[in-house]
Amino acid sequence: MAKRQLSAIMFTDLAGYTAMMQEDEFNAIGIRSEHREILEQEVAEYNGEILQYYGDGALTIFNSTISAANASLSIQKKSIAKKIPLRIGIHTGDVVIDDEGVYGDGVNIASRIESFSVPGSVMISEKVYDDIKNHQYFSPLLMGEFDLKNVKKPVEVYALSTEGLIVPQRTELQGKVRDQIKSIAVLPFINRSNDPENEYFSDGITEEIISALAKVEGLKVISRTSSFAFKGKNQDIRKIGKDLQVQSILEGSVRKAGNKVRITAQLSSTFDGYELWSEKYDRLLEDIFELQDEIAHKISVQLRERLGTNVNEQDNEAKKIDPEAFNHYLKGLFHYNKWTPAEADVAVNCFKQAIDLVPEFDQAYAGLAQSYSLLSTTGYLNPETGYQLCESSARKALEINPANVSAIVSLSFVQYFYRWDFEQAINLAKRSLMINPLSPDGNMAISLYYMIYNDHPEAIKFMEKAREIDPLSLLINRTVADTHYFKREYAKAIQVYNQMLEIDPGFLSAVEFKGWAYLMDGDYDQAIYLFKSLDTNQQVHTVKPFVQLGYAHAMMGDFETAEFYLQQLINEAETNPTATFEFDFAILYTGLQRFDQAIEYLRKCMDKRIGAMVFLHVSPIWDDLQNHPEFIKIKKEIGLMKG
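Quick notes on the rules
- Each chain has its residues counted from 1, following the order in which its sequence is written.
- Predicted model: local features are reported for residues with pLDDT of at least 70 only, side-chain atom pairs are reported and counted for 80 or more only, and whole-chain, interface and lining totals are derived from all residues.
- Think of the side-chain values as coming from all heavy atoms in the structure, minus any hydrogens and water.
- Secondary structure elements are taken from DSSP: a helix is a run of H or I of four residues or more, a strand is a run of E of two residues or more, and numbering for both begins at the N terminus.
- Throughout, the radius of gyration refers to the C-alpha atoms, and the reference size of a globule is 2.2 Å times the residue count to the power 0.38.
- Whether two residues are in contact is decided by their heavy atoms, any of which lying within 4.5 Å being enough.
- Each accessible area is a Shrake-Rupley estimate made with a 1.4 Å probe; only the visible protein chains count as cover when residues are assessed.
- The charged-residue count follows a simple rule in which Lys and Arg add positive charge and Asp and Glu add negative charge, with His and chain termini not counted at all.
- Charge positions come from single atoms, namely NZ of Lys, CZ of Arg, CG of Asp or CD of Glu.
- Two cysteine sulfurs form a disulfide in these notes if their separation is within 2.5 Å.
- Buried residues are those whose accessible area, probed at 1.4 Å on protein chains only, stays under 20% of the maximum for their type, while exposed residues exceed 50% and partly exposed ones sit between those limits.
- Axes, fitted as lines to C-alpha atoms, cover a helix only where it is in contact. Angles between the N-to-C directions of the axes lie from 0 to 180 degrees.
- Angle categories: roughly parallel below 35 degrees, roughly antiparallel above 145, roughly perpendicular from 65 to 115, and oblique for all the rest.
- A clockwise turn of the near helix away from the far one marks a right-handed crossing, whereas an anticlockwise turn of less than a right angle marks a left-handed crossing.
- When residue character is reported, Ala, Val, Leu, Ile, Met, Phe, Trp, Tyr, Cys and Pro are called nonpolar, Asp, Glu, Lys and Arg charged, and the others, Gly included, polar.
- Stacked, edge-to-face and tilted are the three classes for Phe, Tyr and Trp ring pairs, Trp counted by its six-membered ring, which pair at centre distances within 6.5 Å; planes under 30 degrees apart are stacked, over 60 edge-to-face, the rest tilted.
- Look at NZ for Lys and CZ for Arg. If either is within 6 Å of the ring centre and within 35 degrees of the ring normal, a charge sits over the ring.
- Each residue carries a pLDDT score, the predictor's confidence in it, ranging from 0 to 100.
- When a carboxyl oxygen of Asp or Glu lies within 4 Å of a side-chain nitrogen of Lys or Arg, that pair is called a salt bridge.
- Residue types Ala, Val, Leu, Ile, Met, Phe, Trp, Tyr and Cys, when buried and joined through side-chain atoms within 4.5 Å, form a set referred to as a nonpolar core.
- Two strands form a pair only when DSSP identifies at least two bridges running between them.
- Expected span, for any helix, means 1.5 Å times one less than how many residues it has.

(A) Spatial organisation of the overall build of the chain. Assigned secondary structure in the chain consists of 26 helices and 15 strands. A globule of 643 residues ought to have a C-alpha radius of gyration of about 26 Å, and the chain, at 28 Å, matches this closely. Taking the principal axes of the C-alpha coordinates as reference, the chain spans close to 90 × 65 × 45 Å. Looking at the chain alone, contacts between residues at least 24 apart form 62% of all its contacts between residues at least 6 apart. Of the roughly 28,400 Å² of accessible surface on the chain, a fraction of 47% belongs to carbon and sulfur atoms. Seen as two clouds, the 66 positive and the 90 negative side-chain charges of the chain have centres 2 Å apart.

Here it is, written out as structure tokens:
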């Protein structure tokens, strides 16, 4: 009787086996025997089942896609070590098994994918990719879209690029692959002006082109923060494509002189570095918006056939704006993207200057909102002042342009961290995704809702969507790590914090929370070492790490040293009367198990609307307080406890 089941289907095949048989039959049979020995051992290890041998090949199924991928890595690496020329293809789908054999579309697709492989490689379908993409050690690399015999729609095929495997070259796939491009990263345009101060202008042009390309239907555009991670680095396009998981790269340069600007742009494939399109533009500065849209439109035309979609012409309508206002706006973006309070303060002045010249400049108002949000979050402005300024700026941006996603997300953050209206916050986040489903900030804003309410799987789901568009964003990766930290998955959190520090070793926020993760996991020495290292940078941390060190020593039972750090914190607060220390005192008193004083300071935090209060329900820092009656009241008043 026929049996139907959903499986991960793996085909393996010895390349050139017929020629091997003709050249040396005894050697060929020996290679096939070695292949079968490796296959049977690894398939059993990963709970698979070999259904059928086909001469020099085999059909195997697994109940888990991850198991199939892991088995393929082990099989291929052992085959490479023994110089066995093996090809592997994997797909997931229905299979029908009866007495006469194995059937189904899934079997056909897996077989076709294997035929595109080369010795030493593992090729997988898009369905397999969807199952394994969050497991970084597989490193799947998109090879293109293939037309498969007896399959109606083209199938995207990826190659696992884990160290030790072979990744096919594009030349090896000619005639087999459609040259479809569905993803792009825009690298920072180089400032070719005589004045190095014009770097803000070339950076701004890059960011505006990213925004214009993001409007092209069907095109995945990597966000600014990840693209700018490659600024000043002369890396191979193919490596950048692998790091960002994109099929094309746009590079360029900007030369600004007076009221004239020259922009060059070049689009290249990340498969082989081949130049797909390039052009040079000479324009007046007053036409800059028109030029940005023109560049984005020409690129989309180049990609249109490969995308299989049409460009929304309405999205490419150019705007006219005062060149001086645009200049101030670009300077504001340049300083805001430095991500420090001091630079955000400079950005505020730049955006205000742009608005003074063009009162209906929605993007400048949105930039102003983002800057005030950053200043409020870091304590540079007190929350009441900062978040109210953020809210008024965002609402003004939306009066001018109701579809301004940045402004909508800024309003969402105001609802989360100042008004504590979490339902309104997530509704705003959802509204931003209705306008731009690929907005990393919008996806992150939704994930915050689930973090606050302890729904970690949903939080991770939306954070991974954000990270797919902005894989190198420190803020997004920090939020992913924090989700693991709140879930008490300290090893996973530390792993992500380490990845962030590889991107930017100076990102002290990752150092601090890596220290908290080690502390909560019981590694006191490593936590204290990391906390002490925070003392070297006062730009990010406005106070010395007395709270972190005091809490750590209290956890170790060394209350004398913890009290010493409490006194240091008291001295610091007296020296800086305008700064907000209430949350710091609440943390340290909790560590010292002086719970009534901790509650007293948490009440003060409520009065000042300290944003970090929204994580009281999930952070391990507050575990000893969770059942305290007054702490429960505070959580209810904030809205952290449903029902």
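(B) Layout of the state of the cysteines. Taken as a whole and assessed by the stated rule, the structure comprises zero disulfides. Cysteine 350 supplies the cysteine sulfur nearest to cysteine 390, a cysteine that is in no disulfide, at a spacing of 18 Å. A relative accessible area of 0% means that cysteine 390 is categorised as buried.

(C) Here's a closer look at the packing of helix H2 (residues 25-45) against helix H3 (residues 65-81). Where H2 contacts H3, the two axes come as close as 9 Å, and the packing angle between them is 155°. With respect to each other, H2 and H3 are oriented roughly antiparallel. In this structure, H2 meets H3 at a crossing whose hand is right-handed. Within the contact between the two elements, H2 uses Ile38, Leu39, Gln41, Glu42 and Val43 and H3 uses Ala71, Ser74, Ile75, Lys78 and Ser79. Residues of the contact of H2 with H3, tallied by class, amount to five nonpolar, three polar and two charged.

(D) Summary view of the packing of aromatic side chains. Under the counting rule described, the total for this entry stands at 29 aromatic pairs. With a centroid separation of 5.4 Å and 85° between ring planes, the pair formed by tyrosine 449 and tyrosine 450 is classed as edge-to-face. With a relative accessible area of 17%, tyrosine 450 lands in the buried category. Residue placement shows arginine 224 over the ring face of phenylalanine 228; its charged tip is 3.8 Å from the ring centre.

(E) Expanded view of the confidence of the model for the chain. Per-residue confidence for the chain averages 85 on the pLDDT scale, and 91% of its residues sit at or above 70. Element-level pLDDT for the chain is lowest in strand S9 (residues 177-178), with a mean of 56, against a maximum mean of 96 in helix H22 (residues 546-555). Contacts of residues 307-318 to residues separated by more than four positions or lying in other chains number 23 contacts, the stretch itself having pLDDT below 50. Within the model, pLDDT remains below 50 along residues 538-543, and this stretch shows eleven contacts once partners closer than five positions in the same chain are excluded.

(F) Structural view of the pattern of salt bridges. Under the defined criterion, the tally for this structure stands at 24 salt bridges. Between glutamate 489 and lysine 487 there is a salt bridge, with its nearest N and O atoms 3.3 Å apart. For the salt bridge of lysine 604 with glutamate 600, the shortest nitrogen-to-oxygen distance reads 3.9 Å. A residue pair is termed a helical-turn pair when its members lie 3 or 4 positions apart in one helix, as lysine 604 and glutamate 600 do in helix H25 (residues 595-608) at four residues. Of the residues examined, lysine 604 reaches a relative accessible area of 33% and is grouped as partly exposed. Ionic contacts of the salt-bridge type, sharing partners, join the residues Arg603, Glu630, Lys633 and Glu637 into one network.

(G) Looking closely at the nonpolar core. Counting residues in hydrophobic clusters, the biggest one holds 147 residues, and the most contacted among them are Tyr416, Tyr485, Leu602 and Met613. Not counting residues up to four positions away in its chain, the partners in contact with tyrosine 416 are Phe422, Ala425, Ile426, Ala445, Ile446, Leu448, Tyr449, Ile452 and Val614. Core analysis: the next-biggest nonpolar cluster, separate from the first, contains 31 residues, Ala68, Ala69, Ile84 and Leu160 among them.

(H) Structural detail: the pairing of strand S13 (residues 248-257). Of all ten residues in S13, seven are buried, a share of seventy percent or more. As judged from the three bridges shared by strand S10 (residues 183-186) and S13, these two strands associate in the parallel manner. If you follow isoleucine 184 over to S13, its bridge partner there is serine 248. Of the strand pairs in this sheet, S13 and strand S14 (residues 260-269) are connected by ten bridges, and their pairing is antiparallel. By the bridge assignment for S14, alanine 257 is matched with lysine 260.

(I) Layout of the pairing of strand S3 (residues 57-62). With six of six residues buried, S3 is to be regarded as a mostly interior element. Two strands pair when backbone bridges link them, and strand S1 (residues 3-14) and S3 are joined in this way by six bridges, in the antiparallel orientation. Following the sheet pairing, isoleucine 9 is matched in S3 by isoleucine 61. Direction of pairing for strand S2 (residues 49-54) relative to S3: antiparallel, over a ladder of five bridges.

(J) Summary view of the packing of helix H12 (residues 362-377) against helix H14 (residues 405-419). Packing of H12 against H14 leaves a shortest axis separation of 9 Å and a crossing angle of 30°. By the criterion of interaxial angle, the relationship of H12 to H14 is roughly parallel. Handedness of the H12/H14 crossing: left-handed. Taking contact as the criterion, the partners of Ala366, Ala369, Gln370 and Ser373 in H12 are, on H14, Ser406, Ala407, Ser410 and Phe413. Residue classes in the contact of H12 with H14 are distributed as four nonpolar, four polar and no charged.

(K) Highlighting helix H20 (residues 508-520). Compared with an ideal rise of 1.5 Å per residue, which puts 13 residues at 18 Å, H20 spans 18 Å between its outermost C-alpha atoms and is within 8% of the ideal. Glycine 522 occupies a position one or two residues after H20 and carries a positive phi of about 95°.

(L) Up close: the side chain of histidine 91. For histidine 91, the position within the fold is in strand S4 (residues 86-98). Its relative accessible area of 6% is what places histidine 91 among the buried residues. Residues in contact with histidine 91, not counting those within four places in the same chain, are Ser7, Ala8, Ile9, Gly106, Ile109, Ala110, Ile113, Ser125, Lys127 and Val128.

(M) Local environment of the environment of serine 125. Looking at the element boundaries, serine 125 is found in strand S6 (residues 121-125). Given the relative accessible area of 0%, serine 125 is considered buried. Sequence separation of serine 125 and isoleucine 113 is twelve residues, and the distance between their C-alpha atoms is 7.3 Å. With near-sequence residues (within four places) excluded, serine 125 lies in contact with Ile90, His91, Thr92, Ile113, Val155, Glu156 and Tyr158.

(N) Quick look at the environment of cysteine 605. Position of cysteine 605 relative to the elements: it lies in helix H25. Relative accessible area serves as the criterion here: at 0%, cysteine 605 is assigned to the buried category. Sequence spacing of cysteine 605 and glutamate 468 is 137 residues, and the spatial spacing of their C-alpha atoms is 35 Å. With sequence-adjacent residues up to four places away left out, cysteine 605 is seen in contact with Glu582, Phe583, Ile610 and Met613.

(O) Just the environment of phenylalanine 146, in detail. With respect to the helices and strands, the residue phenylalanine 146 is situated in strand S7 (residues 140-146). What makes phenylalanine 146 buried here is its relative accessible area of 0%. Along the primary structure phenylalanine 146 and arginine 112 are separated by 34 residues, whereas in three dimensions their C-alpha atoms are 9.6 Å apart.

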